[in-house]
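Notes for the structure review
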Amino acid sequence: MDIRGAVERGEFVVHYQPTVALPDGTLTGMEALVRWVHPELGLLPPADFIPLAESTGLIVQLGEFVLREACRQARVWQRARGGQPPLLMTVNLSGVQLLHPGLVASVSLALEDSELPPELLMLEITESVMAHETEETIRRLRQLKGLGVGIAVDDFGTGYSSLSYLRRFPVDTVKIDKSFVDGIARGPDELALVRAIVHLAHSLKMTTVAEGVELEGQAKRLSRVGCDQAQGFYFAEPMDGRQATAYVVGHTTINLWVGHSGHELEVIREVVAEFEEAHPGIRVEVAGSVSDARVMSGVRTTDGPNVVVSVESDNFRDYASQAGFLDLRPFMKRDGIDPGLFTPATLAYTRIERRQWALPLLADTYGLYFNTKLFAEAGLDRPPRTMSELTDYAKRLTKRNPDGSLRVVGFNPLVDFYENTVVIFGQMFGASWNDGSGRSGLASDPSWARMFAWQKELIDWYGYEDLRHFTKEVGQEFAPSNAFQMGRLGMALDGEWRIAFIAAEAPHLEFGTAPFPVEDARPDLYGSGYINGSVIGIPLEAGYVEESWKLVRYLATDDRALARLSNGLRNVPSTRTSLRSPDLLPDDRFAVFLEVFAHPQSGSTPITAIGSAYQELLSVFAAEWQAGQVSDLKAGLRGVDRDTDARLQQAARERQRLERHAA
């Protein structure tokens, strides 16, 4: 077995088995037990690899890992248990470790790094090691004892027992071997031996722990002879870190990773706290400011997040195909959650090949913001509904300085100015991204050409360089000096969240909201818009799947939870029923975005094997187009189609290669 490679690959994990007080079964401590998660043989117990680790010298490195992890976990449990009595963490030491000159330093460093009080760590050494005592053994144990940790003798009574070494060594606990516990039921002689061990230990002011208790009768007899504590399958089997945490703290703890921070993170934590109140057996640790890169690495491990919220739904296909997320359809069917609860637009970016890899969690809906004061000055009494009206309004609202530079811009049509994207503009022209056969269809859909022609005409009216100068001059999108908030934009394309920014940063601004204008030939699209938003899912290797699903279901489908999140984050609640929740804060301007979200022709972009790369390719082309660097629009769109198809084909080949490799 490649044990050296296993250490380097991190294939070892720590499990924990409880120790309880007799006779009442109160939890007193946990014993750390190393396991090897072998890629072919599965979970291997210590007997299968510890002798090999000792003979190769890797036991020192492996032991340090177990010691660090056990101390870290013990400190986490101590904090989680609050005012409850502290638990003792027991870690086994082999004879090779005991004689290693760096042992004391390793123990001291593990305690320091974890901030675990030394009196909560017990180091366990087998009786056979103590029986072959040397001056070095005695000195090392006394050095360890000097750190403040406890010392336990394991397998006591297996043939090496000696009153003399018990008196010479700084031992705190004697662990009665399982063979004696098994023999208790055979007769009074076996029970008398256990009673003698208990009396011997107590006379030396040592605690006794019986190992391998599997039956109720054994536990009762051990209690009657005065044994202090016990461990074994009768009380609990060894558990992995998450199972042990649930056992220790009295509830299951799951991890929720989100990309939000600051005020938004606090809103999420408040809603999660309500979930915990409704589910007292579950605790949720919310980690904020989690990047997509960290998500990708975390979901591939068994100790990563249980639930993930991603604000980049365009890339969720990559998460699902590369890392693996649970298909939520079986849970939805079992719990009676109708997919019709969600709009087609949100299902578009949470489903892949009919598998529900995620659920929508709030949505971003885009519309038109307009300055009502500037509208009144220009004699405009309602928002524009078509692109020709938008163009006319933009010209009427525009004001120039004496030198000809732009002082107020009616509408800035440059792609990548604030929220302006080809994605949203294309949606309002009814443009399609593919030709129905899975290939890019920009050149074959005349809607794209009409969209770019409208944009370029308005840019040319302003002057490209004048717009660039204006864009550089005005404030950044998410700064208080945002051009619309400062009255330098008559109209702006923006998301529903801008309402909250204006309330905080420009409370005196007179403005209104409306659906974004549509192509003149598509009046049926008016009232719709582009939809995107956050998604929530469960990584395949997450563990605690049922508890994780309860959290996902609550956050993504509970009307009150969605309303609370919407009120705090000012995003659109993402189910049809939550749009009518009485818990939503009344706001006429925000209500426009609720209506846009619910519109049957609102849509989103397709999720592909290349994530959002196809959108980025078109955005690069749009930048060249608006700068006047493209002479043939149709030919340029065909070029984007070719580049997109090439990337899709490359992704398909890579996927086939990975599938062959996996097979």
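Everything discussed here concerns the structure shown above.
Attention here is on the structure that accompanies the text. Keep in mind it's a predicted model, so treat the numbers as computed, not measured.

What counts as what
Residues numbered from 1 in each chain as written. Predicted model: local features only at pLDDT ≥ 70, side-chain atom pairs only at ≥ 80, totals over all residues. Heavy atoms only, no water. Helix = DSSP H or I, 4+ residues; strand = E, 2+ residues; numbered from the N terminus. Buried < 20%, exposed > 50% of the residue type's maximum accessible area, 1.4 Å probe, protein only. Contact = heavy atoms within 4.5 Å. Areas by Shrake-Rupley, 256 points an atom, 1.4 Å probe, with all protein chains shown as cover. Lys, Arg positive; Asp, Glu negative; His and termini not counted. Charge placed at Lys NZ, Arg CZ, Asp CG, Glu CD. Salt bridge = Lys/Arg side-chain N within 4 Å of Asp/Glu carboxyl O. Core = buried A, V, L, I, M, F, W, Y, C linked by side-chain atoms within 4.5 Å. Phe/Tyr/Trp six-rings, centres within 6.5 Å; stacked < 30°, edge-to-face > 60°. Axes fitted to C-alpha atoms, helices over the stretch in contact; angles between N-to-C directions. Parallel < 35°, antiparallel > 145°, perpendicular 65-115°, else oblique. Left-handed = near helix turned anticlockwise from the far one by under 90°. Polar contact = N/O pair within 3.5 Å; in protein donor to acceptor, adjacent residues only side chain to side chain. Expected span 1.5 Å × (residues − 1). Pairing = 2+ DSSP bridges.

Helix and strand counts for the protein chain come out as 28 helices and 20 strands. Here the C-alpha coordinates of the protein chain stretch approximately 105 × 50 × 50 Å along the principal axes. By residue count, 54% of the 663 residues in the protein chain fall in the buried class. The long-range share in the protein chain, meaning contacts at least 24 apart out of those at least 6 apart in sequence, stands at 71%. Total accessible area on the protein chain stands at roughly 28900 Å², and carbon and sulfur atoms take up 51% of it. If the 66 positive side-chain charges of the protein chain are averaged to one point and the 88 negative ones to another, these points end up 1 Å apart.

This model, assessed by the stated rule, comprises 32 salt bridges. D335 is the salt-bridge partner of R334, the closest N and O atoms lying 3.0 Å from each other. We classify R334 as partly exposed; its relative accessible area is 47%. Using a relative accessible area of 28% as the deciding quantity, one classes D335 as partly exposed. Among the ionic contacts, a cluster of salt bridges with common partners joins E270, E274, R560, R564 and D583.

For the rest of this paragraph, the subject is the nonpolar core. The biggest cluster of nonpolar side chains holds 87 residues, and the ones touching the most others in it are F411, F452, M491 and L618. Those residues within four positions of L618 in sequence are excluded, and the remaining contacts are V422, W433, L442, W448, F452, L637 and V640. L44, A70, L123 and A230 belong to the second largest nonpolar core, which has 74 residues in total.

This brings us to the environment of L551. Position of L551 relative to the elements: it lies in helix α24 (residues 545–557). In this view, L551 contacts I254, L256, F275, V284 and V307; residues no more than four positions away in its chain are not counted.

What follows is about the packing of aromatic side chains. In the structure shown here, the tally under the stated rule is 25 aromatic pairs. Between Y366 and Y530 the ring centres are 5.9 Å apart and the planes differ by 35°, which places this aromatic pair in the tilted class. Taken together, the positions of Y366 in strand β15 (residues 359–371) and Y530 in the loop between β19 (511–514) and β20 (531–537) put the pair 164 residues apart, joining distant regions of the chain. The same class applies to Y366 as to Y530, namely buried. Each ring, one from W433 and one from Y614, has its centre 5.0 Å from the other, and the planes form 85°; the classification is edge-to-face.

This part takes up the packing of helix α13 (residues 262–278) against helix α25 (residues 559–569). Interaxial distance between α13 and α25 falls to 9 Å at its minimum, and their mutual angle equals 160°. On the basis of their axis angle, the class for α13 and α25 is roughly antiparallel. Crossing geometry of α13 relative to α25 is assigned as right-handed. Contacts from H263, E264, V267, I268, E270, V271 and E274 of α13 reach α25 at R560, A561, R564, L565, G568 and L569.

Along helix α12 (residues 241–249), the positions that sit buried rather than exposed are R242, A244, T245, A246, V248 and V249. If you follow the buried residues of α12, they end up packed against β1 (12–21), β2 (27–38), α3 (59–80) and β10 (252–257). Among the residues of α12, the N-terminal cap falls to D240, whose side-chain oxygen and the backbone nitrogen of Q243 are separated by 2.8 Å. Just beyond α12, the residue with positive phi is G250, at close to 85°.

On to the packing of α13 against α24. One way to put it is that α13 packs onto α24 with a least axis distance of 11 Å and a crossing angle of 125°. In terms of orientation, α13 and α24 fall into the oblique class. Between α13 and α24 lies a crossing of right-handed hand. Of α24, the residues touching α13 (which contributes V271, E274 and F275) are K550, L551, Y554 and L555.

Omega for the bond connecting L22 with P23 falls within 30 degrees of zero, at 10°, which places this linkage in the cis form. If you trace the backbone, P23 turns up in the loop between β1 and β2. Phi angles above zero are rare outside glycine, and K205 is one such case at about 60°. In this structure, Y418 is a non-glycine residue whose phi angle is positive, near 50°. Following the sequence through the fold, Y418 ends up in the loop between β17 (406–408) and α20 (422–428).

Turning to helix α21 (residues 446–462), a few remarks are in order. Spanning 17 residues, α21 covers 25 Å between terminal C-alpha atoms, matching the ideal 24 Å at 1.5 Å per step. Taken as a whole, α21 has its buried residues at S447, W448, M451, F452, W454, Q455, K456, L458, I459 and Y462. One side-chain oxygen of the residue at the start of α21 lies 3.0 Å from the amide nitrogen of S447, identifying that residue as D445.

Consecutive residues of a regular strand have side chains that alternate between opposite faces of the sheet. Most of strand β6 (residues 150–156) sits out of view: 6 of its 7 residues are buried. In terms of strand pairing, strand β5 (residues 121–126) meets β6 through 5 bridges, oriented parallel. Following the sheet pairing, E124 is matched in β6 by A152.

What follows concerns the pairing of β1. The buried fraction of β1 is high, at 9 of 10 residues. With 9 bridges joining them, β1 and β2 adopt antiparallel strand pairing. Residue P18 lies in a different strand from β2, and its bridge partner there is M30. Hairpin connection of β1 to β2: 5 residues between the antiparallel strands, including G25 at a positive phi of 75°. Pairing of β1 with strand β9 (residues 229–230) involves 2 bridges; the strand directions are antiparallel. Bridging from a neighbouring strand, A21 pairs with Q229 of β9.

All right, on to the environment of A358 then. Here A358 shows up in the loop between β14 (355–356) and β15. Given the relative accessible area of 0%, A358 is considered buried. With 198 residues separating them in the primary sequence, A358 and A556 have C-alpha atoms 9.7 Å apart.

You can see T208 is positioned in strand β8 (residues 207–210). In contact with T208, not counting residues within four places along its chain, are V174, I176, V198, A201, H202, G226, C227, D228 and Q229.

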